[in-house]
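Breakdown of the fold
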Amino acid sequence: MDLHVYNTLSRQKEQFRPLDPDHVRMYVCGPTVYDLAHIGNARPVVVFDVLYRLLRRLYPKVTYVRNITDVDDKIIAAHRRTGEPIAEITRRTTEAFHRDMAALGALPPDVEPRATRHIGKMIAMIQVLMDGGYAYAADGHVLFSVPSWPDYGRLSQRNRDELIAGARVEVAPYKRDPADFVLWKPSTEDVPGWESPWGHGRPGWHIECSAMSQAYLGETFDIHGGGQDLIFPHHENEIAQSTCAHGGRPFVRYWMHNGYLMVEGEKMSKSLGNFYTVHDLLKTLPGEAIRLVLLQTHYRQPLDFTHDAVAQARHALDRLYGALRGIDAPATEPPEPVLHALADDLNTPLALSHLHETAAALHRSRDAQDRYRQAGRLRAAGAVLGLLQGDPEAWFRWQPEGAKGVPDDEVERLIAERAKARKTRNFAAADAIRDRLQEAGVVLEDTPAGTAWRRT
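Right, let's walk through the structure included here. Because the structure is predicted, anything quoted here is derived from the model rather than measured. (Residues numbered from 1 in each chain as written. Predicted model: local features only at pLDDT ≥ 70, side-chain atom pairs only at ≥ 80, totals over all residues. Heavy atoms only, no water.)

Scanning the protein chain from N- to C-terminus turns up 16 helices and 15 strands. Its C-alpha atoms give the protein chain principal-axis dimensions of about 90 × 50 × 35 Å. Looking at the protein chain as a whole, 51% of its 456 residues qualify as buried. Taking all contacts inside the protein chain whose residues are at least 6 apart in sequence as the whole, residues at least 24 apart take part in 75%. Here the protein chain displays about 20800 Å² of accessible surface, and carbon together with sulfur accounts for 49% of that area. Of the charged side chains in the protein chain, 55 are positive and 60 negative; the average position of the first set lies 4 Å away from that of the second. (Helix = DSSP H or I, 4+ residues; strand = E, 2+ residues; numbered from the N terminus. Buried < 20%, exposed > 50% of the residue type's maximum accessible area, 1.4 Å probe, protein only. Contact = heavy atoms within 4.5 Å. Areas by Shrake-Rupley, 256 points an atom, 1.4 Å probe, with all protein chains shown as cover. Lys, Arg positive; Asp, Glu negative; His and termini not counted. Charge placed at Lys NZ, Arg CZ, Asp CG, Glu CD.)

Overall, parallel pairing links the four strands, which are arranged β4-β3-β9-β10 in an open sheet. In this open sheet, the two edge strands, each paired with only one partner strand, are β4 (62-66) and β10 (252-258). When strand polarity is set aside, the average angle formed by the axes of neighbouring strands in this sheet is 20°. Where strand β3 (residues 24-28) meets strand β9 (residues 221-227), three bridges bridge the pair, whose relative direction is parallel. When the sheet's bridge partners are listed, Y27 is paired in β9 with H224. Docked against the sheet, helix α6 (residues 205-217) engages β3, β4 and β9, running at close to 160° with respect to β3. (Pairing = 2+ DSSP bridges. Axes fitted to C-alpha atoms, helices over the stretch in contact; angles between N-to-C directions.)

So, about the state of the cysteines. Here a disulfide denotes one covalent bond, and it connects the sulfur atoms of two cysteines. Summed over the entire model, instances satisfying the criterion amount to zero disulfides. Free cysteine: C209, not disulfide-bonded; nearest cysteine sulfur from C29 at 4.0 Å. Look at C209 and you get buried, because its relative accessible area is 1%. (Disulfide = S-S within 2.5 Å.)

Moving on, we get to the packing of aromatic side chains. In total, this model carries eleven aromatic pairs according to the counting rule given. The structure contains a cluster of three or more aromatic residues connected by ring pairs, namely Y27, F221, F251 and W255. Its end group placed over the ring of Y52, R56 keeps NZ or CZ at 4.9 Å from the ring centre. For the cation-ring pair, R300 lies above Y6, with the distance from its terminal atom to the ring centre recorded as 4.2 Å. (Phe/Tyr/Trp six-rings, centres within 6.5 Å; stacked < 30°, edge-to-face > 60°. Lys NZ or Arg CZ within 6 Å of the ring centre and 35° of its normal.)

Among the structural elements, P286 can be located in the loop between α8 (278-281) and α9 (287-295). On the basis of relative accessibility, which here comes to 4%, the residue P286 falls in the buried class. In sequence terms P286 and D318 are 32 residues apart; their C-alpha atoms lie 12 Å from each other.

Considering all chains together, one arrives at 27 salt bridges under this definition. E417 serves as the salt-bridge partner of R413, at 3.0 Å between the closest nitrogen and oxygen. Taken together, the residues span about one helical turn, with R413 and E417 both in helix α15 (residues 408-423) at a distance of four residues. For E417, a relative accessible area of 37% gives the class partly exposed. Between R422 and D446 there is a salt bridge, and its shortest N-O distance comes to 3.4 Å. In this pair, R422 sits in helix α15 while D446 sits in strand β14 (residues 442-447), placing the two residues 24 residues apart along the sequence. If you follow the salt bridges from partner to partner, you end up with R325, E393, R397, E412, E445 and R454 in one network. (Salt bridge = Lys/Arg side-chain N within 4 Å of Asp/Glu carboxyl O.)

On to the packing of α6 against helix α7 (residues 231-245). Packing of α6 against α7 brings their axes to within 9 Å, and their N-to-C directions diverge by 55°. Accordingly, the angle class assigned to the pair α6 and α7 is oblique. For the element pair α6 and α7, the recorded crossing hand is right-handed. For the pair α6 and α7, the contacting residues are W205, H206, I207, C209 and S210 in the first and P233, H234, N237, E238, Q241 and S242 in the second. The class makeup of the residues in the contact of α6 with α7 is four nonpolar, six polar and one charged. (Parallel < 35°, antiparallel > 145°, perpendicular 65-115°, else oblique. Left-handed = near helix turned anticlockwise from the far one by under 90°. Nonpolar A, V, L, I, M, F, W, Y, C, P; charged D, E, K, R; others polar.)

The end-to-end C-alpha distance of helix α3 (residues 86-103) is 26 Å, a good match for the 26 Å that 18 residues give at a rise of 1.5 Å each. Turning to α3, its buried residues are I86, I89, T90, T93, T94, A96, F97, D100 and M101. Projected onto a plane normal to the axis of α3, the buried residues spread over an arc of 165° and lie on a single side. Exposed residues on α3 whose side chains face more than 90 degrees from its buried face are A87, R99 and A102. On its buried side, α3 packs onto α1 (39-58), β4, α2 (73-82) and α8. Positive phi appears at G105, one or two residues downstream of α3, with a value of about 80°. (Expected span 1.5 Å × (residues − 1). Arc of directions from axis to C-beta.)

By themselves, these observations are geometric and do not establish any function.
Written out as structure tokens, the structure reads:
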């Protein structure tokens, strides 16, 4: 099966041809760990998690690298604002990021390098750039000379004036050119810093990803992913410094970027009261429903995260898990239409429509063997999308954090009591139990196999 992806560099969909068909290499920009991840941060994690799952089905080996930026001006600002030690800020927020992304069903990357553990590699790359005439030292800083590389701007396809304006460049007298960007900056004694040939300091943000991707994927690799907001200046700068440091050899063959995320039709903003962290959303919403919302829109399109969309996603998962209820079938092979949809530039909306078709066929089937086979296919289709891997009963019994609903064992006790009442034809008592549970948010469903229940 051929995989096609939209390459931001060429602005067209291309057939994916890895450098090594036996080993695909992918790098995705990870979090800067200064605060809890918001729903916009979660979108690329989920998008490239699906790509990772698909690549692992299509190729014998995949190495997925996603970094942790644990030295950055935003982290220093959080330390100065709160007084919390930098090491504690990065430890706490990294652990929260891991928990939150796991709750969204994201697999961990194969390698998760931390910037602070690769300072030596960054210094070495900067020195190569200086030796090649692509960088210069000035006033304790080292800067990349943008005019030294004529192809600068190819990824973002902006002209020089747009590049300078878009970078929101710092006006500094030590710069030779307004577009030049920082590779190394000086550090005072109260912030993180390392010794270097240019003095005590710390790396610029862009050089971190170039050094870490080279360390684990080599000078040239297959896929680099991230949000659309990273195209310029971050990814543009990565290309420039990596290509120049590698003697002009290509850096990345396929650049993939997910679209922006809005909330209730507006840009997410704390001032608008629509700034949602994943941590807070998970207190009231199942992680799988959040993931489904993020997959219902094609990854390159803008996504509007709304309460209605979450409600619809929960309802859709009710139907999907309802189809699997009572069938203990392991995942087998996903339906071909699901894989073909994903192989067409991660068309998750189309893949989800085929997922629902498989669930519908399972619902319709009355043959036990066919139901078992369809359930295995549905599980397998869900696995490629990171969905439907839980216990259906656990899905229907999920409660928000701190909910004071009827405990599971009490629901089971009342269902048993209701069954006795029905057996003795005490229908008034049976109806009273049903009504009591319904008022508590528990819906009963009488089936030939017995009474099933779910929380609303």
